[in-house]
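Residues per chain, in single letters:
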Amino acid sequence: MSWELHRVVIVGGGMMGRSLATRVAQEGINVYLKEVSTEAVEVAKAELDRSLEHEIARFGLTNAEKKAILSRITWVTHYDCATDCDLALEAVQEDFGLKRQILRELDRRMPAENPIVITTSTLSITELATQNTHPERFVGMHFLYPVTTTRVVEVVRGQLTTDEVYERAIDFARLLGKVPIKVFEMPGFVTTRTILPLINEAIHIVMEGVAEAAEVDLALKMGFNFNSGPLEWADRTGLDRVLNWMQHLYHESGEPRHRPCPLLKRLVRAGLLGAKTGRGFFEYDENRHRTDRLPDDKPRMA
Amino acid sequence: MKILVLNSGSSSVKFQIIETDLERMNAHQDLTLAVGQVEKIGLSDSRLVLEVPDRKTYQDYREILEHRTAIEWVLRILTDPEHGIIESVGEIGAVGHRVVHGGEAFASSVLITPDVVEQIEACSVLAPLHNPPNLRGYYAAHAAMPDVPHVAVFDTAFHQTMPAHAFLYGIPFQLYKKHHIRKYGFHGTSHRFVTFRGCQILGWEREERRLISIHLGNGCSLAAVDHARSIDTSMGFTPLEGLVMGTRSGDMDPAIIPWVMAMEELTLHQVNTMLNKHSGLYGVSGISSDMREILEARANGNERADVAFRMFCYRLKKYIAAYAAAMSGVDAVFFTGGIGERSPEVRENAIIGLEFMGIELDRERNQAVTDGEGEISTGNSKVRVLVVPTNEEKTIARDVVRVLNGIMPVFTPPETIT
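Residues numbered from 1 in each chain as written. Chains lettered and ligands numbered in written order. Predicted model: local features only at pLDDT ≥ 70, side-chain atom pairs only at ≥ 80, totals over all residues.

### Some words on the overall build of chain A
Quick note on the threshold: Put simply, DSSP marks the helices as runs of H or I at least four residues long and the strands as runs of E at least two long, and each gets a number from the N terminus on. It is over C-alpha atoms that the radius of gyration is taken, and the globule rule equals 2.2 Å times the number of residues to the power 0.38. Three exposure classes are used. Buried residues have 20 or more other C-beta atoms within 10 Å of their own C-beta, exposed residues have 12 or fewer, and partly exposed residues fall in between, all C-beta atoms being placed from the backbone.
In terms of regular secondary structure, chain A is built from eleven helices and eight strands. The C-alpha atoms of chain A give a radius of gyration of 20 Å, which matches the 19 Å a tight globule of 302 residues would have. Along the three orthogonal principal directions, the C-alpha set of chain A runs to about 55 × 50 × 40 Å. Scored against the burial criterion, the 302 residues of chain A give a buried share of 40%.

### Examining the overall build of chain B
Our working definition: Residues are defined as contacting one another if the C-beta atoms placed from their backbone atoms lie within 7 Å.
Regarding its fold elements, chain B presents 16 helices and 14 strands. The C-alpha radius of gyration of chain B comes to 22 Å, within 12% of the 22 Å expected for a compact globule of 418 residues. In terms of overall dimensions, chain B has C-alpha extents of about 60 × 55 × 50 Å along its principal axes. A burial count over chain B gives 44% of its 418 residues as buried. A separation threshold of at least 6 residues defines the contact pool for chain B, and within that pool the share at least 24 residues apart is 63%.

### Looking at the sheet that holds strand 6 (residues 138-143) of chain A
Residue and element names in this part refer to chain A. Note the cut-off: Criterion used throughout: strands pair if DSSP finds at least two bridges between them. In this analysis, axes come from line fits to C-alpha atoms, helices being fitted only over the stretch in contact, and the angle between any two N-to-C directions falls in the range 0 to 180 degrees.
With mixed pairing, eight strands are arranged side by side in an open sheet as 3-2-1-4-5-6-7-8. The open sheet has two edge strands with one neighbour each: strand 3 (73-76) and strand 8 (179-184). Ignoring which end each strand starts from, the neighbouring axes of this sheet average 25° apart. Taken together, the four bridges between strand 5 (residues 116-119) and strand 6 define a ladder with parallel strand orientation. Along strand 6, the bridge assignment pairs Ile116 with Phe138. Along the sheet, helix 4 (residues 96-109) makes contact with strand 1 (7-11), strand 4 (87-90) and strand 5, crossing strand 5 at roughly 170°.

### Some words on the sheet that holds strand 2 (residues 13-19) of chain B
Strand pairing in a sheet is mediated by backbone hydrogen bonds. Such pairs are either parallel or antiparallel. Residues and elements named next belong to chain B. Taken together, eight strands build an open sheet; the order of strands is 5-4-3-2-1-6-8-7 and the sheet is mixed. Whereas interior strands pair on both sides, the edge strands pair on one side only; in this sheet they are strand 5 (58-64) and strand 7 (110-111). Bridge count for strand 7 against strand 8 (residues 150-154) is two bridges, and the pairing is antiparallel. From the neighbouring strand, Val110 faces strand 8, where its bridge partner is Ala152. Where helix 16 (residues 392-404) meets the sheet, it contacts strand 1 (2-8), strand 2, strand 6 (92-99), strand 7 and strand 8, and its direction lies at approximately 120° from that of strand 6.

### Section: the domain arrangement of chain B
Many authors give the size of an interface as the accessible area that is lost as the parts come together. Applied cut-off: Marked domain ranges trace back to an automatic or database domain assignment.
You can read the domains of chain B as domain 1 (2-154) and domain 2 (206-387). Averaged C-alpha coordinates put domain 1 of chain B and domain 2 of chain B at centres separated by 30 Å.

### Notes on the interface of chain B and chain A
Using the following cut-off: Ten residues, namely Ala, Val, Leu, Ile, Met, Phe, Trp, Tyr, Cys and Pro, are considered nonpolar, four, namely Asp, Glu, Lys and Arg, are considered charged, and the remaining ones, Gly among them, are considered polar.
Opposite the 16 residues of chain B that make contact, chain A presents ten residues. Elements that contribute at least two residues to the side of chain B that touches chain A include exactly helix 8 (256-264) and helix 9 (268-277) of chain B. The dominant element in the side of chain B that touches chain A, judged by the number of residues it contributes, is helix 9 of chain B, at five residues. Residues that form the side of chain B that touches chain A fall into these classes: seven nonpolar, seven polar and two charged.

### Some remarks on the domain arrangement of chain A
All names here are of chain A. Along its sequence, chain A is organised into domain 1 (7-184) and domain 2 (191-277). Spacing between the C-alpha centres of domain 1 and domain 2 amounts to 27 Å. Taken together, the residues of the side of domain 1 that touches domain 2 break down into two nonpolar, three polar and two charged.

### Quick notes on the nonpolar core
The following threshold applies: The nonpolar core criterion groups buried Ala, Val, Leu, Ile, Met, Phe, Trp, Tyr and Cys residues into a set whenever they are joined through C-beta atoms within 7 Å.
Counting residues in each nonpolar core, the largest one holds 49 residues, and the members touching the most others are B:Ile212, B:Phe312, B:Ile320, B:Val333, B:Phe334 and B:Val385. With ten residues, helix 12 (residues 303-326) of chain B is the largest single contributor of residues to this core.

### Digging into the environment of A:Gly177
Looking at the element boundaries, A:Gly177 is found in the loop between helix 6 (163-175) and strand 8. Through-space distance from the C-alpha of A:Gly177 to that of A:Ile195 is 23 Å; in sequence the pair is 18 residues apart.

### Things to note about the packing of helix 12 of chain B against helix 14 (residues 344-351) of chain B
All names here are of chain B. What counts here: When describing relative orientation, an angle under 35 degrees is termed roughly parallel and one over 145 degrees roughly antiparallel, while 65 to 115 degrees is termed roughly perpendicular and anything else oblique. Helix crossings are classified by the rotation of the near helix relative to the far one: an anticlockwise turn of less than a right angle makes the crossing left-handed, while a clockwise turn makes it right-handed.
Where helix 12 contacts helix 14, the axes come no closer than 8 Å and their chain directions differ by 50°. Here helix 14 runs oblique to helix 12, going by the angle between their axes. Our pair here, helix 12 against helix 14, has a crossing hand that is right-handed. Residues Phe312, Cys313, Leu316, Lys317 and Ile320 of helix 12 lie in contact with helix 14, whose contacting residues are Val346, Asn349, Ala350 and Ile351.

### Side note on helix 11 (residues 262-269) of chain A
An α-helical turn contains 3.6 residues, so a residue and the one three or four places further along point in the same direction. All names here are of chain A. Stated precisely, the cut-off is as follows: The arc in question is formed by the directions pointing from the helix axis toward the C-beta atoms.
When helix 11 is considered as a whole, its buried residues turn out to be Leu264, Leu267 and Val268. Projection of helix 11 onto a plane perpendicular to its axis shows the buried side chains occupying an angular sector of 100°, all on one side. Those residues of helix 11 that are exposed and angled more than 90 degrees off the buried face are Pro262, Arg266 and Arg269. Where helix 11 is buried, its residues meet helix 7 (191-207) and helix 10 (239-253). Once helix 11 finishes, Gly271 follows within two positions and takes phi at roughly 80°, a positive value.

### Here we look at the packing of helix 2 (residues 67-78) of chain B against helix 4 (residues 131-144) of chain B
All names here are of chain B. For the pair helix 2 and helix 4, the least separation of the axes is 8 Å and the interaxial angle reads 50°. In terms of axis orientation, helix 2 runs oblique to helix 4. In the crossing of helix 2 with helix 4, the sense of the turn from one axis to the other is right-handed. For the pair formed by helix 2 and helix 4, the contact residues are His67, Arg68, Ile71, Glu72 and Leu75 on the first element and Arg136, Gly137, Ala140, Ala141, Ala143 and Ala144 on the second. Of the residues belonging to the contact of helix 2 with helix 4, the class tally is six nonpolar, two polar and three charged.

### A few points about the environment of A:Val117
All names here are of chain A. Topologically, Val117 is positioned in strand 5. With 27 C-beta atoms counted inside 10 Å, the residue Val117 sits in the buried group. Sequence separation between Val117 and Val139 is 22 residues; the distance between their C-alpha atoms is 5.1 Å. Not counting chain neighbours up to four residues away, the residues in contact with Val117 comprise Leu87, Ala88, Leu89, Val139, Met141 and Ala169.

### Let's talk about the confidence of the model for chain A
Note the threshold: Residue-level confidence of the predictor is what pLDDT reports, using numbers from 0 through 100.
Per-residue confidence for chain A averages 93 on the pLDDT scale, and 99% of its residues sit at or above 70. Within chain A, helix 3 (residues 63-71) of chain A has the poorest average pLDDT of any element, 90, and helix 11 of chain A the best, 98.

### Considerations on helix 7 (residues 188-202) of chain B
All names here are of chain B. Put simply, the rule reads: In a helix, the anticipated span is given by 1.5 Å times the number of residues less one.
Helix length check: helix 7 (15 residues) gives 21 Å between terminal C-alpha atoms against 21 Å at 1.5 Å per residue, within 8%. Burial of helix 7 is extensive: eleven of the 15 residues sit out of reach of the surface. Buried within helix 7 we find Gly188, Thr189, Ser190, His191, Arg192, Phe193, Val194, Thr195, Arg197, Gly198 and Cys199. Once helix 7 finishes, Gly203 follows within two positions and takes phi at roughly 70°, a positive value.

This is the structure in structure tokens:
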């Protein structure tokens, strides 16, 4: 890396923010993790602890490594830390107004040449950037779930993003241990734009009664060697989030093929949002383990 | 000549200044003038520690972000009028670098040239966690001391004398040709020193003897050294094979790995970490990777600490007998490393019952040796058993002298299989 990266500020202590903070800290870089209030910090801290403990139980991490990670993460509730950060990254929900407000706070405080990364799968980097004093230092990154294990990240160039900022974002992606996929901004980029219609089609199949949800998933999982079927993937992502993306995509493209399936809307309205609520297309326990797998849905041992 | 010995890890640089030359080496009178390290490179609170005999330990903290500034810091402290031990960097005559993996390219310690650097880089694929920081240390030291010779000393080189029937695995041969999958062995610098020093103590010629060197530290391995040549060693393609270690599994049925991956749905990363960091004494006992804590828990009646201890000693005992068989006999067994030097319990349990092959432990002597050199076998024991503290840094310094004087031995493979 031809530039130096010592301190990073991440805005948003949700799943994405925590996962990225963990990865950055694992590389020996200090992270400020910003949440809205001390109460929110406490909640996020507990969640981070829980996920690190889970990873230890899965053998992926040791107690000593956990300690080292936590020692490099500083929780904050204000933006003052941004003044001495080499890179900022916002990881809040897909809400244009909220993101715009955060980006303005960061842009106001960070040295002009330091990149500000927007994590988004559907919003326009350019539109979010132009509101600021230094729109050329904004760049997008689209991380896929689960953020810690998925190997690729889409690095998104906006209309005004400079080559230097874009290269730094590519370096940052590699530092996180991800393979960068270079994309220009356009709703859904590559991954979301292809997976959403697949999910939507799978939901249509269920709605039409062609096959049970569990069988649709199993067919695709085993047929194409996916880690999970598209419906379980949607459940784990959150059906509300999937619907939100789908609506964005439909809104931007106007293509009928991007219209959200009515069954998806029905589940979201009923509050059946997937793993986080215990039920979506499938059922989950409090540890988000699926409880209704078909007998055939098991790892192949030979 | 004053030699700077460097052992560069990903976030630390360990160093020693050793005064040695051909005369001192032969008289076993090499002088360690200073020992130290820089820890937590890459952070704002990096620490430098310098220990000089008969002086108070010196410590300092500052932000050190990469190896080059770390080594500049080391040189500045070494030449400091108050805390240092030399007047100028010019007094350092040469630098010795520890390099973990030399692959099949290096069967000896060598003067570092641009070609050598290129070959070490090529070996990085075999030791992705170790060789890159070793090289970063070299680049940094070379930038600060471009006019002195730099020598690379490999952990693997000593074991290059293994015959093909010892280093090949019983898997399709093309994997050896294509991916260089074979046993390399590690701790070579330690096994070399310990067998050399052990024979020196006994007044033996190493070239005439069959020796087993047992290094028990964080990592554990033993080597069968037959007439001064390593003919087998327990670590393999990586340092995971062989003995049960603090957090590493050692030998196991390879079929377990895909099976556990499928059953537990583990990723490659998780299964690697499981075998390297969650296994061994720690994984079995659930208590600690530290033998001292295992012994304590065992004394307090902890069943799993006891079984972990027994596994550790049992596996070691099997290997000792196996290596005696490999050499058709054994004249001496040497223990070294933190556990080997300081744990009479482990030594006793690893060799008790081996009287049939001429190993007789003197329990009292064994209990008495917990710091420094000493013999622990009875006067009647056909096989001599000694504790010989290792000194890898000294071996590196001596190799620098050997390379510069053109007397560095080459651990030539006895055969190549194509």
